Amino acid sequence: MLFILPASLMAQDSARAMLHNDGGVLLNGAPAPKSSAIFLHDLVQTQKGRWAKIDADGSTVTVQPETIVQFEGDELVIDLGSLQLSTSRGMRVRVNC
């Protein structure tokens, strides 16, 4: 039996996002490429004078310089620094500083 469903009925996966940066960003402790997929529990760390952008389903995050943030799907856990969040899907930020 074969079922064909429209794309709008398929579940959205909030456990992944895209990381974009201009250099000077670490992903799980290693230098991050300019664009990279990120997944649950990935750690993003920006260096002095550098920023990163995380694009998730319905949310955009600008990670400011000298910030450490962990991606948890529909939640970001910030350990140090600051970020700017724009969301239409209810992404949350938990502060652990």
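Everything quoted here is computed from the prediction, not taken from an experiment.

1. What about the confidence of the model for the protein chain?
Stage number 1. Here the protein chain averages 89 in pLDDT, and 85% of its residues register 70 or above.
Stage number 2. Below pLDDT 50 for its whole length, residues 7-11 participates in zero contacts with residues either more than four positions away or in separate chains.

2. Some details on the pattern of salt bridges
Stage number 1. Under the definition given, this model contains six salt bridges.
Stage number 2. In this structure, the salt-bridge partner of Asp-22 is Arg-50, at a minimum N-O distance of 3.9 Å. Taken together, the positions of Asp-22 in the loop between strand S1 (16-21) and strand S2 (25-27) and Arg-50 in the loop between strand S5 (43-46) and strand S6 (52-56) put the pair 28 residues apart, joining distant regions of the chain.
Stage number 3. Looking at Asp-22, the relative accessible area reads 27%, which means it is partly exposed.
Stage number 4. For Arg-50, a relative accessible area of 35% gives the class partly exposed.
Stage number 5. Across the pair Asp-74 and Arg-92 runs a salt bridge whose closest N-O atoms are separated by 3.6 Å. Here Asp-74 is found in the loop between strand S8 (68-71) and strand S9 (75-80), whereas its partner Arg-92 is found in strand S11 (residues 92-95), with 18 residues between them in sequence.
Stage number 6. Under the relative-accessibility criterion, Arg-92 is labelled partly exposed at 43%.
Stage number 7. It is possible to trace a salt-bridge network through shared partners that takes in Asp-74, Glu-75, Arg-92 and Arg-94.

3. Details of the side chain of Asp-42
Stage number 1. Turning to its location among the elements, Asp-42 is positioned in the loop between strand S4 (35-39) and S5.
Stage number 2. At 12 Å, Arg-16 is the nearest oppositely charged side chain to Asp-42, a buried residue that forms no salt bridge.
Stage number 3. A polar contact of 2.8 Å, which involves the side chain of Asp-42, links it to the backbone nitrogen of Phe-39.
Stage number 4. Once you skip the residues sitting within four places of it in the chain, Asp-42 turns out to touch Leu-27, Asn-28, Ala-37, Val-69, Gln-70 and Phe-71.

Reading the values: the criteria
- Residues numbered from 1 in each chain as written.
- Predicted model: local features only at pLDDT ≥ 70, side-chain atom pairs only at ≥ 80, totals over all residues.
- Heavy atoms only, no water.
- pLDDT = per-residue confidence, 0-100.
- Contact = heavy atoms within 4.5 Å.
- Salt bridge = Lys/Arg side-chain N within 4 Å of Asp/Glu carboxyl O.
- Helix = DSSP H or I, 4+ residues; strand = E, 2+ residues; numbered from the N terminus.
- Buried < 20%, exposed > 50% of the residue type's maximum accessible area, 1.4 Å probe, protein only.
- Lys, Arg positive; Asp, Glu negative; His and termini not counted.
- Polar contact = N/O pair within 3.5 Å; in protein donor to acceptor, adjacent residues only side chain to side chain.

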